[in-house]
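An overview of the molecular structure
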Number of protein chains: 8
Amino acid sequence: MNTLEIKALLEAVANGNISVDEGAKELEMLPFSDLGYAVIDHHRAHRTGHPEVIYCEGKTSEQVTGIVQHMVEKGVNILATRASQDVFNAVVDQCPSARYNPLGRTITINSHDVSSSEDFVAIVAAGTSDLPVVEEAYETVMALGFRAEKIVDVGVAGIHRLFARLDTIRKAKVIIVVAGMEGALASVVGGLVDKPIIAVPTSVGYGASFGGISALLTMLNSCSSGVTVVNIDNGFGAAFAAAQIMRL
Amino acid sequence: MNTLEIKALLEAVANGNISVDEGAKELEMLPFSDLGYAVIDHHRAHRTGHPEVIYCEGKTSEQVTGIVQHMVEKGVNILATRASQDVFNAVVDQCPSARYNPLGRTITINSHDVSSSEDFVAIVAAGTSDLPVVEEAYETVMALGFRAEKIVDVGVAGIHRLFARLDTIRKAKVIIVVAGMEGALASVVGGLVDKPIIAVPTSVGYGASFGGISALLTMLNSCSSGVTVVNIDNGFGAAFAAAQIMRL
Amino acid sequence: MNTLEIKALLEAVANGNISVDEGAKELEMLPFSDLGYAVIDHHRAHRTGHPEVIYCEGKTSEQVTGIVQHMVEKGVNILATRASQDVFNAVVDQCPSARYNPLGRTITINSHDVSSSEDFVAIVAAGTSDLPVVEEAYETVMALGFRAEKIVDVGVAGIHRLFARLDTIRKAKVIIVVAGMEGALASVVGGLVDKPIIAVPTSVGYGASFGGISALLTMLNSCSSGVTVVNIDNGFGAAFAAAQIMRL
Amino acid sequence: MNTLEIKALLEAVANGNISVDEGAKELEMLPFSDLGYAVIDHHRAHRTGHPEVIYCEGKTSEQVTGIVQHMVEKGVNILATRASQDVFNAVVDQCPSARYNPLGRTITINSHDVSSSEDFVAIVAAGTSDLPVVEEAYETVMALGFRAEKIVDVGVAGIHRLFARLDTIRKAKVIIVVAGMEGALASVVGGLVDKPIIAVPTSVGYGASFGGISALLTMLNSCSSGVTVVNIDNGFGAAFAAAQIMRL
Amino acid sequence: MNTLEIKALLEAVANGNISVDEGAKELEMLPFSDLGYAVIDHHRAHRTGHPEVIYCEGKTSEQVTGIVQHMVEKGVNILATRASQDVFNAVVDQCPSARYNPLGRTITINSHDVSSSEDFVAIVAAGTSDLPVVEEAYETVMALGFRAEKIVDVGVAGIHRLFARLDTIRKAKVIIVVAGMEGALASVVGGLVDKPIIAVPTSVGYGASFGGISALLTMLNSCSSGVTVVNIDNGFGAAFAAAQIMRL
Amino acid sequence: MNTLEIKALLEAVANGNISVDEGAKELEMLPFSDLGYAVIDHHRAHRTGHPEVIYCEGKTSEQVTGIVQHMVEKGVNILATRASQDVFNAVVDQCPSARYNPLGRTITINSHDVSSSEDFVAIVAAGTSDLPVVEEAYETVMALGFRAEKIVDVGVAGIHRLFARLDTIRKAKVIIVVAGMEGALASVVGGLVDKPIIAVPTSVGYGASFGGISALLTMLNSCSSGVTVVNIDNGFGAAFAAAQIMRL
Amino acid sequence: MNTLEIKALLEAVANGNISVDEGAKELEMLPFSDLGYAVIDHHRAHRTGHPEVIYCEGKTSEQVTGIVQHMVEKGVNILATRASQDVFNAVVDQCPSARYNPLGRTITINSHDVSSSEDFVAIVAAGTSDLPVVEEAYETVMALGFRAEKIVDVGVAGIHRLFARLDTIRKAKVIIVVAGMEGALASVVGGLVDKPIIAVPTSVGYGASFGGISALLTMLNSCSSGVTVVNIDNGFGAAFAAAQIMRL
Amino acid sequence: MNTLEIKALLEAVANGNISVDEGAKELEMLPFSDLGYAVIDHHRAHRTGHPEVIYCEGKTSEQVTGIVQHMVEKGVNILATRASQDVFNAVVDQCPSARYNPLGRTITINSHDVSSSEDFVAIVAAGTSDLPVVEEAYETVMALGFRAEKIVDVGVAGIHRLFARLDTIRKAKVIIVVAGMEGALASVVGGLVDKPIIAVPTSVGYGASFGGISALLTMLNSCSSGVTVVNIDNGFGAAFAAAQIMRL
């Protein structure tokens, strides 16, 4: 395609339809706008069913609704993360079909039907306090067109609870492990399952958990090979990475 | 399979072929040895062509050659990482077919032929100082049975060098990005390519690079969605995670 | 016991009382539920007088009262930690016998009588600002069925105050030392008493106390042999560990 | 000049116009008041058009208006940074010509006309969340008498957006790069443009961004030569440094 | 006893057997020498079989042999920790019965027979690289007169290995858990066993393990109640604390 | 004196004025209460004019007024630090002569007249934002019976301002230097004056000042010999140390 | 020029000298190589007299001499930084005109004559231990074609030494301030001179200097406006930034 | 004095003894050389018996002997700190009266007789590993003309050892407390003695002592009022500060 456009231009020059000067000017602009388009292609996701993502942290309700309106007019699906109840209230006034997940603090608009594929992403979490991150990941996986299963409260302090759910976890194609405090769950799951594992440290804990640093270090140093890690509380990022694997 | 074994045992009990006491004893061992086998299955990799991995750091030449001898007798392929020249010398005395990658500090024994699959892992690195990590990752991908391509010295200070190799990178199924100093390459590649990206911070740098912490933080905070991260200088871990994705 | 159950099952299969298929199904569940039971045994504490523990931080009043109701119906004693006054108000509405320790922020329900044993846990604290942690530890020791003595405001700046209480401290079976700021008390007590010492750093202090890190490091580096440490402000954890020693 | 003054004084002593005692007194004050004057000269900026700068953080409205009144009476231009809306309200009551930039939290009084010079400072920012820092820098550059251009939302996750603005950036004399999260933009711009680059890390981000430390380290470790760095969120400092270069 | 001594002295004064001046002199010394003796009692361990402990780090061979000679003459048992081969060579020249543990870097002299008590301390370690710390703890437990069992290479990456040894671990009276890298083993053991657990983080690992900080934080934040922690690589301290519990 | 008391007691015993049992009881208390008295002597300061100090942070108004009432009845002078306006309101209701320094957040009761001694403590501060720490130090020096002079707003950015005040500073017996941000003032003063210098880092600053860590490190690393340092914002501690020197 | 090449190509197509297909192929490569050329232009510096820079850290003598040979053949001037004596020995064998600065650890080849311009960069350093960084900066400024003046050993502990050199410093166009330990020099110079100041923290110091972190934080938090900072010990980076300003 | 010199100069001008030009030249130098002289006065110590101090870290033997020669010719006493045996060997070749303290790594030349004053500085240290810092402090106090007493191995793990030496400590005018590991000794001494206390954290320890950070934080957070702190291992600095107090 890109090559086709270039050839068309060259033929126009060869045929004298455009001058050498005009051709030179157009060509100088080409590489970046072309490159830009490619980037937009996968990031802005004009492909069917992929949502635009709005990160709401530090944006006012007005800013978010402005962006939403612009996108809805273009017919794009939308996933908004880190959205407060106030932001949702403003969005739903404008766009009544918007749906809010108060725990995960996500807004979804025009989301497609839940995938009925056999393949799914398992989202495994240590404790109930990790639920906000679990829900952000869950909504993101779904908004990106895939199916997810939640397996919660299976922390290593009561490892039998994890084993009771191991069958489900092993059937997943990709596994997201969410844990705060000491974050040991990622290593244990990594030792039991032979699938890509994306670990999300959470800020759950106090004192020497240092807002998630303890869990982050645990996951980076995991003795189980093949565990990869995202930022603290970054349920969205883990789900996005999982979706990139699902898409292969 | 597991269920089949249990049923066979129960039928032996029902038929009186083995006593209740014998059956009880065997059953008590079952869950763990069975579980154990599963774990061994993917970690110790008795499946065709998968290597045993020996982490040599802090092991003496005697210890490493002892483990190697034990494994070679069992006919297993072997990948040894963080192996010094001295360790290799001891191993090759014992096992002449052993091959050493001095930059990546890896030893491979009985490794299968290089995969000729279309699919490959791209290992993209910022600078020549990152080569040890690149080579460790490269040897690991190959030892795990997959093909890898190295794209080195494409750091963001001269971004045209990255663009010149973008076509190759975009053809990869999984991308490992290796960078030290400020580690910005992962974010830039993440913005240009729509594939799973595993970032490896390296300890290359000085002063405020703090032995790789700067690059690690950069990668964890990447503004490009879907970048996952492994430990500093952990080329093996990134390659292991990439192989788990390739295997899907 | 566990073996007895397995034998009973096998005999039922041998006798044809249950089919091989039924037996296989039950057996598949056994190891984990059995293992699970053991874990529940000591964690969930069905043994007489041991409480269920609810960590209230980050749970809503509704969530806590829901858990309490479920447990009270099962006749379990309850210890709730990090409970705000609001949470207690909701709990006491539902369960009028609930008792609140506003300083220690603990709720106890159906707690047994205070132990009249000679043996006790000494809870030694540097200053009055450490009292919340002291009270959390005190309530936990009691809820776990043991006796505790509080020795407060004996910080090393006025070491005579500590000496005046040394006789009491030396009579304890286990000693919990609670201190913020520079946390030197643990080392001093460790040098004077030949008993297990569990040190709790507190977040009391300002500036370079870094929310308890200074006291934590002091205690980890104690020149007095045999001092062990728990997380910052973790009065519950210290008391739980002390109770595990008392129980021996 | 200074020497001239000293000689004049000595001649007055030599001529008996002033006594030795008077001369001694005056001389004792000379070096410091003279030195002091020089310092005041460039800091307090009595040169035409240079503003007095008031850092409002931690000052009450009364304190700020007191300083403003004192300066306005002396006819000085004023730039106040880190000014809340409340502080501005108090200032504008007293000085109706005061202008407020609510995003950049700056107040300007008696500012001269916008420079129409060809030369300008480019203020390049990664995302919209970095706008407060951009605006603080923008107002400062203008208050110091120079022209600035804002190029915002050109983060490396969509590098084509940066390329589309590269022509403008390359025309600048000095470039301020503002970025939070992983702060990679400074390195990328540094690799594309051969001008002095002053990088401002921002506290935008969460988790392992540690309030701007991640971006700060990225910029300090930049693999692009010649990038210099100021404190986190210090838009004023970057603009002041840029102005010092513009003034050469 | 102390009171008895004081009374005897007072009676001697009352009876005129000693003068007021002599009594005053003796009394002034009493509290500290008495207190001192108590401290010496448990630290210097004149009780049968308890060793003197010498921390060799930063001491020359001459200094260590000097201390050893002094103690041997007093007939005390000796445990020397962090002793290099050179230090041992010097000691064994002087004291041929000295025994060296090269892995644990301990020297023992005149150690009593290994305890044959039923009760024992379990020393559970994640990997073979943790062996130096395991051996230091093992020698210390024995030198303090108790029995220890080593359970090594049961890290959470292959959790079946831990389960295979669980019966032994559960029979212990006190459990020391030794682990580097992410240190998750302490939490997992803590969830499976209802005994006092003392966790020792080790400096095993690289990159973001930060010389043991990652394992230290993991253990401090353990979600398993009752885990207490000692300094990084402090096998001696954990064993000393375990012995204090065994002695109860 | 202490010896005198002991001798008096012994003589009372020798004379039969008190029984051996009574003497023993009193003597048992002696060493600690005696030691305690010494400690109280300088800490609680029963010497003429020395105040009791109450650290109000984390104490309720009730607690503070309770302590104040107890002390006032004993006729002691009082210095309360870190006292909020609310705490002062409660105290002044009870004790109308109480005086509040709202900037320094100190309360003084029954303070003696300001010292008219020639000797004084110079309190030198970099900026007006450091004033709360300056005032806390000022009130403390005065409450401890010494004279202090404040030299404020002499930060190194305008070093002539410091030089203009150097004569005063050089006349002081002890110098307290208070500075936030980069805290360079302590080094500069240390290079100019040959007197004991106590440096107080303050939490004034933002971004990479890390709540005072930057200034703290600057002062600890001062290239000017003889600068000693106290905790961040610890004006009281610096003044207490200065008073201990003044008292020599 | 770039445009000229494109026009030449287009004319070749218009003239039929090359086919449309050939033209398309060449053009596809163009934008990046073209962009690359621009980047090379300023980084690799084909402009008269600008050197190629080789960072030798972590490169073998063979690698460095290989790069040098390649460059010398192309007639480029060369600056090699962080070069050990061994590396220089290898280089000078191959290229006898190479010059070594053993303190600054730099190699220069074919460097042009020292600039005799009035304008110069002042390199101001606190102590003699900072000389390696001073020399690296000095050689870099000269290799980039500008003149530099060194003003060393003017640390703030003896501020009169700085004042004695102030006239020279004030005549500079750009000032590089090099300081370790507490790094206060940058703030003091910043308060005395109205020129662009680039601060280089050095790793000179011990204890709480943390390898240069203390000086780095001091400089980032400088209360003197307009100070910008580079990485610890990065004399090259500061000189490169200074040269970019000199070039304006 | 200073004023006298100025007046003398002015009178010489008034009398025509020197010309206005000569006077101006001399006066221009005056403020700095005068200021400089003052600084030199106390730092370079031309007062009787005060030594020049050479910090040898990072200086070659040649550099140190060069400085020594220059000073010896000027008849100054010398104290060299952080001097290796090699440096001393070079110095003693040149200056046979040089004396070396190998533990404290100090060289003294022409030092005056030990002070026989009643007043002394007590240097109190926790353990024998702290001796290098103790010796550096001891030599410094003596080189500065004062008397010091060493009280070593009185760490808080055996607090009776401290009490046995308390009488000596209390007689000191200034107390330096040297401690590594958890550094609790400073707080305990601070609670027992009413004298200026200067605390020196040492790098003695391992693991979480972080090279002295733990002891440093302990001392900064001391609950004993009036403890001031110097850099890690900075025995010289503590002694210099103590001498400044002794000199009052």
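Residues numbered from 1 in each chain as written. Chains lettered and ligands numbered in written order. Predicted model: local features only at pLDDT ≥ 70, side-chain atom pairs only at ≥ 80, totals over all residues. Heavy atoms only, no water.

Under an unreviewed UniProt entry, the name given to chain A is Nickel pincer cofactor biosynthesis protein LarB, and the source organism is Fusibacter bizertensis.

1. So, the UniProt feature "domain: PurE" (unreviewed entry) in chain A
Operational definition: UniProt positions are given in the numbering used here, feature names are shortened, and annotations may be inferred rather than shown by experiment. Strands here are runs of E lasting at least two residues and helices are runs of H or I lasting at least four, both read from the DSSP assignment and numbered beginning at the N terminus.
Under the UniProt annotation, the feature "domain: PurE" (unreviewed entry) is placed at residues 119-248 of chain A. A distance of 12 Å separates the end C-alpha atoms of residues 119-248 of chain A, which is 41% helix and 18% strand.

2. Topic: the relation of the copies chain B and chain A
Condition: The least-squares superposition of copies is restricted to C-alpha atoms, and to residues with a pLDDT of at least 70 in both copies. A contact between two residues is defined here by any heavy atoms of the two lying within 4.5 Å.
Mapping chain B onto chain A calls for a screw motion: a turn of 179° about the axis and a shift of 0.2 Å along it, with 0.5 Å RMSD after fitting. Such a turn and shift between the copies fits a two-fold axis. When C-alpha distances to the rotation axis are compared across chain B, the minimum falls at Val229(B), with a value of 2.5 Å. Comparing interface residues between copies, 100% of those in chain B also lie at the interface in chain A; the contact surface is shared.

3. Side note on helix α5 (residues 131-143) of chain G
All names here are of chain G. Using the following cut-off: The span expected for a helix works out to 1.5 Å for each residue beyond the first. Only protein chains enter the accessibility calculation, which uses a 1.4 Å probe; a residue whose area is less than 20% of its type maximum is buried, one above 50% is exposed, and one in between is partly exposed.
If you check α5, its first and last C-alpha atoms are 18 Å apart, about what 13 residues at 1.5 Å a residue would give, namely 18 Å. α5 sits mainly inside the fold: 12 of its 13 residues count as buried. Taken together, the buried positions of α5 are occupied by Leu-131, Val-133, Val-134, Glu-135, Glu-136, Ala-137, Tyr-138, Glu-139, Thr-140, Val-141, Met-142 and Ala-143. Just downstream of α5, Gly-145 is the residue with a positive phi angle, here 100°.

4. Details of the packing of aromatic side chains
Threshold: Ring pairs are drawn from Phe, Tyr and Trp, using the six-membered ring of Trp, whenever the two centres fall within 6.5 Å, and their geometry is named by plane angle: stacked under 30 degrees, edge-to-face over 60, tilted for the rest. Our definition puts a charge over a ring when NZ of Lys or CZ of Arg is within 6 Å of the ring centre and also within 35 degrees of the ring normal.
For the coordinates displayed, the defined rule picks out 28 aromatic pairs over all chains. For the pair Phe88(B) and Tyr100(B), a centre-to-centre distance of 4.8 Å together with 15° between the ring planes defines the contact as stacked. Of this pair, Phe88(B) sits in helix α4 (residues 85-94) while Tyr100(B) sits in strand β3 (residues 99-101), and the two are 12 residues apart along the sequence. Pair check on accessibility: Phe88(B) and Tyr100(B) agree, each one buried. A ring pair is formed by Tyr55(D) and Tyr206(F), whose centres lie 6.3 Å apart and whose planes are at 25°; its orientation type is stacked. Taken together, the residues span two chains, with Tyr55(D) in strand β1 (residues 51-55) and Tyr206(F) in the loop between β8 (197-201) and α9 (213-220). Accessibility expressed as a relative area gives 30% for Tyr55(D), which makes it partly exposed. Between the NZ or CZ atom of Arg82(D) and the centre of the ring of Tyr206(F), over which it lies, the distance is 4.3 Å.

5. Considering the interface of chain B and chain A
Using the following cut-off: Note: buried area is the sum, over both parts, of the accessible area (probe 1.4 Å) each one loses when the two are combined. Take a side-chain nitrogen of Lys or Arg and a carboxyl oxygen of Asp or Glu: if they are within 4 Å of each other, that pair is a salt bridge. In the analysis that follows, any N or O atom pair within 3.5 Å is treated as a polar contact, provided that within protein one partner can donate a hydrogen and the other can accept it, and provided that, for residues neighboring in sequence, both atoms belong to side chains.
Taken together, the contact pairs 36 residues of chain B with 36 residues of chain A. Buried area between chain B and chain A, both sides added, is near 2900 Å², and the carbon and sulfur share of it is 62%. For the interface between chain B and chain A, the tally reads 2 salt bridges. Here Arg247(A) makes a salt bridge to Asp194(B), at a shortest N to O gap of 3.5 Å. Our count for the chain B to chain A interface comes out at 6 residue pairs in polar contact (both at pLDDT 80 or more). When residues of the side of chain B that touches chain A are traced back to their parent elements, those giving at least two are α2 (20-45), α7 (166-171), α8 (185-192), α9 (213-220), β9 (227-229) and α10 (235-246) of chain B.

6. A closer look at the sheet that holds strand β4 (residues 106-109) of chain F
Strand pairing in a sheet is mediated by backbone hydrogen bonds. Such pairs are either parallel or antiparallel. Residues and elements named next belong to chain F. Applied cut-off: Following DSSP output, two strands are said to pair if at least two bridges run between them. An axis is simply a line fitted to the C-alpha atoms; with a helix, the fit covers only the stretch in contact. Between two such axes, the angle follows the N-to-C directions and lies from 0 to 180 degrees.
Pairing is mixed in the open sheet, where 4 strands are placed in the order β1-β2-β4-β3. At either end of the open sheet lies a strand with only one pairing partner, and these are β1 (51-55) and β3 (99-101). Here the strands of the sheet are splayed against their neighbours by 15° on average, with no regard to which way each runs. Pairing of β3 with β4 involves 3 bridges; the strand directions are antiparallel. Note that in β4 the partner of Arg-99 across the bridge is Thr-108. Strands β3 and β4 of the sheet are contacted by helix α4 (residues 85-94), whose axis makes an angle of about 15° with β4.

7. Points about the domain arrangement of chain A
Residue and element names in this part refer to chain A. Selection criterion: For the domain bounds, the source is a domain assignment made automatically or taken from a database.
Once the domains are mapped, chain A shows domain 1 (48-109) and domain 2 (120-246). For domain 1 and domain 2, the distance between their C-alpha centres works out to 25 Å. Contact with domain 1, which involves 13 residues of that partner, is made by 12 residues of domain 2. At the boundary of domain 1 with domain 2, the tally comes to 2 salt bridges. Across the pair Glu-136 and Arg-82 runs a salt bridge, and its minimum N-O distance is 3.1 Å. At the boundary of domain 1 and domain 2, one finds 5 residue pairs in polar contact (both at pLDDT 80 or more).

8. Remarks on the interface of chain C and chain E
Short version of the rule: Basically, the charged four are Asp, Glu, Lys and Arg, the nonpolar ten are Ala, Val, Leu, Ile, Met, Phe, Trp, Tyr, Cys and Pro, and anything else, Gly included, counts as polar.
Between chain C and chain E, the residue contacts involve 36 residues of the former and 35 residues of the latter. Both sides of the chain C and chain E interface together cover about 2900 Å² of buried area, and 62% of this is carbon and sulfur. It is Asp194(C), Leu220(C) and Leu248(C) that lose the most area in chain C upon contact with chain E, and together they represent 21% of the buried surface on that side. Between the two partners, chain C and chain E, sit 2 salt bridges. Taken together, the links from chain C to chain E amount to 6 residue pairs in polar contact (both at pLDDT 80 or more). Among the secondary structure elements, those contributing two or more residues to the side of chain C that touches chain E are α2 (20-45), α7 (166-171), α8 (185-192), α9 (213-220), β9 (227-229) and α10 (235-246) of chain C. Take the side of chain C that touches chain E: its biggest share by element is 6 residues, from α10(C). A breakdown of the residues in the side of chain C that touches chain E according to their chemical character gives 19 nonpolar, 11 polar and 6 charged.

9. Points about the pairing of strand β4 (residues 106-109) of chain A
Two faces belong to every sheet, and in a regular strand the side chains alternate between them. Side chains Thr106(A) and Thr108(A) of β4(A) all project onto a buried face; the interleaved residues Ile107(A) and Ile109(A) project onto the opposite face, where all are buried too. The turn joining strand β3 (residues 99-101) of chain A and β4(A), which pair antiparallel and follow one another in sequence, is formed by 4 residues; a positive phi near 55° is taken by Arg105(A).

10. What about the pairing of strand β1 (residues 51-55) of chain G?
Residue and element names in this part refer to chain G. The cut-off we apply is this: Note on handedness: a clockwise path from strand one over the helix to strand two, with the strands aimed away from the viewer, defines a right-handed crossover.
Where β1 and strand β2 (residues 77-81) come together, 5 bridges link them in parallel fashion. What sits directly across from Pro-51, in β2, is Asn-77. Once the chain exits β1 it traverses helix α3 (residues 61-73) before rejoining the sheet at β2, and the crossover so formed is right-handed.

11. A look at the environment of Val230(A)
When you line up the elements, Val230(A) lands in the loop between β9 (227-229) and α10 (235-246). With 11 residues separating them in the primary sequence, Val230(A) and Ala241(A) have C-alpha atoms 9.2 Å apart. Apart from the residues within four sequence positions on either side, Val230(A) is in contact with Ile198(A), Ala199(A), Val200(A), Pro201(A), Leu216(A), Gly237(A), Ala238(A), Leu220(B), Val227(B) and Thr228(B).

12. Quick notes on the sheet that holds strand β4 (residues 106-109) of chain G
Residue and element names in this part refer to chain G. Reading across from one edge, β1-β2-β4-β3 is the order of the 4 strands in this open sheet, with mixed pairing throughout. With one partner strand each, in any of the chains shown, β1 and β3 (99-101) form the two edges of the open sheet. Here the strands of the sheet are splayed against their neighbours by 15° on average, with no regard to which way each runs. One ladder, built from 3 bridges, connects β2 with β4; its direction is antiparallel. Paired with Leu-79 across the strands is Thr-108, a residue of β4.

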